[in-house]
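# Architecture and fold: a report
One-letter residues, chain by chain:
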Amino acid sequence: MFVDREEELSFLQRLYESGRPQLVLLYGRRRVGKTWLVKRFLEGRRGLYFYAQRRPLADELARLAEALSAALGRYVKPQWDSIFAALRDAGRFVLVVDEFGYWLDEDPGVLSALQSGWDEYLGDSQVFLILLTSTHAVAERAVSYGGGLFGRKTAQIRLGPLAPPYTRHFLPKYDAPELAAAYAVSNGIPHYLALFDRDRELGENIAFLFSRWGPLYEEAENLLRHEVREPYVYFNIVRTIEEGATTYSEIADRAHISAQTLAKYLHVLEKLEVIRREVPVLGKARPIYVVSDLYMKFWIRFVYPQREWIELGNPPRLDLDGYMAAAYEEIIRRALPHLHKTGLIKRLGRCGRYWQKDVEVDIVCVEDGHITAVEVKWSDLGRDDVEEIIEDLRRKLGGREGDYYVAARRGPRDPRVLTAEDVFGKN
């Protein structure tokens with residue numbers, strides 16, 4: 001299923017229509033939909049999709065040369081020079097190499113070969129080369145100074161989770177609160193959402209997906225193993241943050257990691273978008289760290305501490321409403337562009353959390369001095385509730401002029417109230 005990604009697809013189309021040689025780096029975590037995007041882009045175009053494998057590079061060159069020979073209708077030798085020459089002479093031709101980082105694992109000299117091939121053969125051609133990787137470190141190494149693609153890539157696209165409204169494409173029978181919960185356990189990753197059986201109830205889906213036989217049971221650990229060399233150190237840091245250690249010193253202390261070395265681990269986790277470093281939008285306060293990957297947040301809360309119970313064949317015991325009270329804030333943050341586009345929120349600007357001493361506001365956006373504030377409640381609100389929350393929100397922000405909203409699971413018809421239906425639509 002191809003959902004969303006219209007912006008990325010349109011961007012690739014504009015690059016293609018330019019007629020200029022293109023070297024595009026496309027990256028993002030596993031299961032986020034990179035392959036779906038490039039295969040859709042390839043439809044109706046001369047090109048080749050090639051999935052790299054963890055095999056000796058000589059074998060991989062032989063496979064690529066054979067595939068190119070078939071696609072171009074001419075013999076291509078299993079050598080870099082022959083492959084680059086064939087692409088140079090092919091006219092407008094799209095070559096997609098998926099998981100090209102596997103080649104780097106086999107032979108780091110691949111980046112030098114790509115650099116030489118681009119400089120000597122492809123820089124003045126009509127080739128459209130797309131390199132895909134699921135490993136952020138590979139993408140960073142490739143485009144860093146001296147990394148082979150430095151100064152040669154013409155564009156890069158990082159794919160992230162789907163925006164919340166697109167969840168309905170996967171589960172059209174679910175009501176809006178159920179879609180919010182499905183998004184909150186999947187992090188909006190297309191492959192994870194596609195694993196839900198649209199004819200099963202939400203609870204049944206979650207029970208199976210996170211059972212010992214389910215495809216999401218070990219995925220959290222596999223994600224970190226795929227990305228980093230010390231996965232359990234990183235996991236311990238993420239778990240520590242989710243369990244309440246939010247400042248740098250608290251994380252170092254509870255995770256038993258020296259303050260001098262913690263920074264590099266946090267930096268990597270931020271790059272992977274597993275955690276986020278936050279500073280208050282207004283005023284000054286000590287930065288904090290939060291787990292922003294909703295799948296990882298859910299896994300740490302309900303799967304990790306129940307491994308023995310789940311291994312006995314039981315589904316994880318859940319407090320879904322309790323989890324949603326924390327997760328819904330992240331969902332609303334991601335939905336802000338949609339809510340603004342549909343006119344439900346008037347202005348955005350720079351958005352984030354606000355806290356100062358004992359005062360905290362879930363979402364505050366500032367644009368040219370204008371304030372937009374949103375308090376998030378995973379509950380069903382009445383009119384009196386809304387008035388009380390809005391009044392308290394104004395008090396927290398010192399009565400400043402601006403637009404004040406409440407994001408709720410359900411609520412009355414009121415321009416200040418944003419409901420799950422406003423985010424996910426009606427079924």
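The paragraphs below set out a description of the structure included in this document. (Residues numbered from 1 in each chain as written. Predicted model: local features only at pLDDT ≥ 70, side-chain atom pairs only at ≥ 80, totals over all residues. Heavy atoms only, no water.)

Turning to the state of the cysteines, a few remarks are in order. Enumeration according to the criterion identifies one disulfide in this entry. Residue pairing for Cys351: its cysteine sulfur links by disulfide to Cys365, the two sulfurs lying 2.1 Å apart. Linking Cys351 and Cys365, the disulfide has an S-S dihedral of approximately 110 degrees and is accordingly described as right-handed. Of this pair, Cys351 sits in strand β8 (residues 350–356) while Cys365 sits in strand β9 (residues 359–367); the two residues are 14 residues apart in sequence, bridging distant segments of the chain. A relative accessible area of 1% means that Cys365 is categorised as buried. (Disulfide = S-S within 2.5 Å. Helix = DSSP H or I, 4+ residues; strand = E, 2+ residues; numbered from the N terminus. Buried < 20%, exposed > 50% of the residue type's maximum accessible area, 1.4 Å probe, protein only.)

If you look at the biggest cluster of nonpolar residues, it comprises 95 residues, and the most contacted ones within it are Ile130, Phe210 and Ile237. The greatest single-element share of this core, amounting to nine residues, is contributed by helix α17 (residues 320–341). Contacts of Ile237, omitting those with residues within four sequence positions, involve Ile251, Ala255, Ile257, Leu262, Tyr265, Leu266 and Leu269. Val76, Trp80, Val97 and Val127 belong to the second largest nonpolar core, which has 37 residues in total. (Core = buried A, V, L, I, M, F, W, Y, C linked by side-chain atoms within 4.5 Å. Contact = heavy atoms within 4.5 Å.)

By the secondary structure assignment, His191 is in helix α9 (residues 190–194). Residue His191 is classed as partly exposed on the basis of its relative accessible area of 30%. Separated by 160 residues in sequence, His191 and Arg31 have C-alpha atoms that sit 5.2 Å apart.

This part takes up the packing of aromatic side chains. We describe a pair of aromatic rings using the distance from one ring centre to the other and the angle between the two ring planes. A complete count under the given rule lists 20 aromatic pairs for this structure. Taking 6.4 Å as the distance between ring centres and 75 degrees as the angle between the ring planes, the aromatic pair formed by Tyr51 and Tyr102 counts as edge-to-face. Of this pair, Tyr51 sits in strand β2 (residues 47–51) while Tyr102 sits in helix α5 (residues 101–106), and the two are 51 residues apart along the sequence. The exposure class of Tyr51 is partly exposed, given its relative accessible area of 36%. Every member of this aromatic cluster is reached through a ring pair, and the members are Tyr192, Phe210, Tyr295, Phe298, Phe302 and Tyr323. Geometry around Tyr49 places Lys39 over its ring, the cationic atom sitting 4.7 Å from the centre. Arg92 extends its terminal NZ or CZ atom over the ring of Tyr16, reaching a point 5.1 Å from the ring centre. (Phe/Tyr/Trp six-rings, centres within 6.5 Å; stacked < 30°, edge-to-face > 60°. Lys NZ or Arg CZ within 6 Å of the ring centre and 35° of its normal.)

What follows is about empty space enclosed by the protein. Per the counting criterion, the structure on display carries three cavities of 30 Å³ or more. As for the largest cavity, its lining consists of Leu64, Trp80, Ile83, Phe84, Leu87, Leu95, Val97, Trp103, Leu114, Leu129 and Leu131. Mapped onto the lining of the largest cavity, the elements with two or more residues apiece are α4 (80–88), β3 (93–98) and β4 (127–133). If you tally residues by element for the lining of the largest cavity, the top one is α4, at four residues. (1 Å grid on protein atoms, 1.4 Å probe; cavity = no way out; pocket = protein on both sides within 12 Å on 5 of 7 lines; lining within 4 Å. Points joined across faces, edges and corners; volume = space filled by probe spheres on them.)

Looking at the largest pocket, its volume works out to about 1,200 Å³. In terms of lining, the largest pocket is formed by 48 residues, of which the most central are Gly160, Pro161, Leu162, Glu273 and Arg334. Elements supplying a minimum of two residues to the lining of the largest pocket: α1 (6–17), α11 (219–227), β6 (275–278), α17 and β8. When residues of the lining of the largest pocket are assigned to their parent elements, the largest contribution, eight residues, is made by α17.

Looking now at the pairing of β2. Each regular strand displays side chains that alternate between the two surfaces of the sheet. Residues Leu48 and Phe50 point to one face of β2 and are all buried, whereas Gly47, Tyr49 and Tyr51, pointing to the other face, are not buried. Direction of pairing for β2 relative to β3: parallel, over a ladder of five bridges. Considered in β3, the bridge of Tyr49 is made with Val96. (Pairing = 2+ DSSP bridges.)

Most peptide bonds adopt trans geometry, and most residues besides glycine take a negative phi value. Of note in this structure, Glu99 is not a glycine but carries a positive phi near 55 degrees. Here Glu99 lies in the loop between β3 and α5. You can call Glu99 buried: its relative accessible area is 7%. Although it is not a glycine, Asp368 sits at a positive phi angle of roughly 50 degrees.

Contact geometry of helix α12 (residues 231–242) with helix α15 (residues 294–303) gives a least axis separation of 10 Å together with a crossing angle of 80 degrees. The angle between α12 and α15 places the two elements in the roughly perpendicular class. Counted together, Phe235, Val238, Arg239 and Glu242 of α12 and Met296, Lys297, Trp299, Ile300 and Arg301 of α15 form the full contact between these two elements. Tallied by class, the residues present in the contact of α12 with α15 amount to five nonpolar, no polar and four charged. (Axes fitted to C-alpha atoms, helices over the stretch in contact; angles between N-to-C directions. Parallel < 35°, antiparallel > 145°, perpendicular 65-115°, else oblique. Nonpolar A, V, L, I, M, F, W, Y, C, P; charged D, E, K, R; others polar.)

With seven of seven residues buried, β4 is to be regarded as a mostly interior element. The alternating pattern of β4 places Val127, Leu129, Leu131 and Thr133 and Phe128, Ile130 and Leu132 on opposite faces, both of which are buried. Across six bridges, strand β1 (residues 22–27) lies against β4 in parallel orientation. Considered in β4, the bridge of Leu25 is made with Leu131. In this sheet, β4 lies alongside β3 in parallel orientation, the contact comprising five bridges.

In space, the five strands of this open sheet follow the order β8-β9-β10-β11-β12, with mixed pairing throughout. The outermost strands of the open sheet, each flanked by one partner alone, are β8 and β12 (417–418). In terms of strand pairing, strand β11 (residues 402–410) meets β12 through two bridges, oriented parallel. Counterpart to Ala407 in the pairing with β12 is Leu418.

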